[in-house]
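# Understanding the architecture of this molecule
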Amino acid sequence: MPVDGRARDALLDRRRRGWHGRVHTTLDLIRANPTGRIALKIFIGILGAIVVTVGIVLIPLPGPGWLLVIAGLGVWAVEFHWARRLLAFTRRHVNAWTRWATSRSLGVRFLLGAVGLAFVSVVVWLSLKYSLGIDVVARAMHYLTTH
C-alpha cells in the first residue's frame, strides 16, 4: 500500500516526538498490514484480558487490584474504541472525585482518609481470614487477654 506525502510526514512527525511517537509509528506500521492488524487486535485483547483478570483477582486482596484493572483497560484502549471511552469515563470521574475531595476542608479530608483506612483495614483482615485462615483480630484479642 503506497503512502502519500501527508501520511509520510505525519509518520515522521510522530517519530520525532520520542518514545511515544515511536510506539505510535510502530503500531501504525503493524496496522498497515491486514494480517498485522488482526494479530495486533488478538495480542492486545489477550494481554488486556490477562491484566484485567489478575486485577479482578487482586481486588479483594491487599494489592493494586483496581490499578491493574484500569491498566488492563488502558492496554485494551490501544485497539478498542469502547475501552477508550470507558477509560475516559473513568478518568473523568476520578478527576472529579479528586477535585471534590481536595476542595473540602481539612477535617472532611481527614474523615475521608480515616474511612478509607478503615475500609482497607477491613479488606485486609477479611482477605487474611478467608484466604489464608489467619484471623488477625482474634489473635490480637487473645494476646491482649493473656498478657
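Placed above this text is the structure.
What you see is a predicted model; the values in this text were computed from it and never measured. (Residues numbered from 1 in each chain as written. Predicted model: local features only at pLDDT ≥ 70, side-chain atom pairs only at ≥ 80, totals over all residues. Heavy atoms only, no water.)

### Side note on helix 5 (residues 81–102)
The criterion, for reference: Every helix listed is a DSSP run of H or I at least four residues long, and every strand listed is a run of E at least two residues long, numbered separately from the N terminus. Working rule for helices: expected span equals 1.5 Å times residues minus one. Here's how the labels work: a residue is buried when its accessible area is under 20% of the maximum for its type, exposed when over 50%, partly exposed in between, all with a 1.4 Å probe on protein chains only. The arc in question is the one spanned by the directions pointing from the helix axis to the C-beta atoms.
Compared with the 32 Å implied by 1.5 Å per residue over 22 residues, the 31 Å span of helix 5 between its first and last C-alpha is a close match. Within the sequence span of helix 5, burial applies to Ala-83, Leu-87 and Ala-101. All buried residues of helix 5 project into a common sector of 60 degrees when viewed along the axis, lining one side. For helix 5, exposure combined with an orientation more than 90 degrees from the buried face picks out Arg-85 and Arg-99.

### Considerations on the side chain of Glu-79
In plain terms, the rule: When checking whether two residues touch, look at their non-hydrogen atoms; a contact exists if any pair is within 4.5 Å.
Position of Glu-79 among the secondary structure elements: in the loop between helix 4 (65–77) and helix 5. Using a relative accessible area of 9% as the deciding quantity, one classes Glu-79 as buried. With near-sequence residues (within four places) excluded, Glu-79 lies in contact with Arg-31, Leu-40, Lys-41, Ile-44 and Arg-84.

### Some details on the packing of aromatic side chains
Threshold: Note on aromatic pairs: the rings of Phe, Tyr and Trp (six-membered ring only in Trp) are paired at centre separations within 6.5 Å, and the planes decide the class, stacked below 30 degrees, edge-to-face beyond 60, tilted for the rest.
The full count for this structure, using the stated rule, is 3 aromatic pairs. Taking 5.4 Å as the distance between ring centres and 55 degrees as the angle between the ring planes, the aromatic pair formed by Trp-76 and Trp-82 counts as tilted. In this structure Trp-82 comes out as partly exposed when scored by relative accessible area, which is 42%. On the numbers, 5.3 Å between centres and 25 degrees between planes, the contact of Trp-97 with Trp-100 is stacked. In this pair, Trp-97 and Trp-100 both sit in helix 5, 3 residues apart, roughly one turn of the helix.

### What to know about the nonpolar core
Rules: Here, nonpolar core refers to any group of buried Ala, Val, Leu, Ile, Met, Phe, Trp, Tyr and Cys residues whose side-chain atoms link them within 4.5 Å.
Among the nonpolar cores identified, the biggest contains 11 residues, and these are Leu-27, Leu-40, Ile-44, Val-52, Leu-73, Val-75, Trp-76, Ala-77, Phe-80, Ala-83 and Leu-87. Listing elements by their share of this core, those giving two or more residues are helix 3 (34–58), helix 4 and helix 5. The leading source of residues in this core is helix 4, at 4 residues. With sequence-adjacent residues up to four places away left out, Trp-76 is seen in contact with Ile-44, Gly-45, Gly-48, Ala-49, Val-52, Trp-82 and Ala-83.

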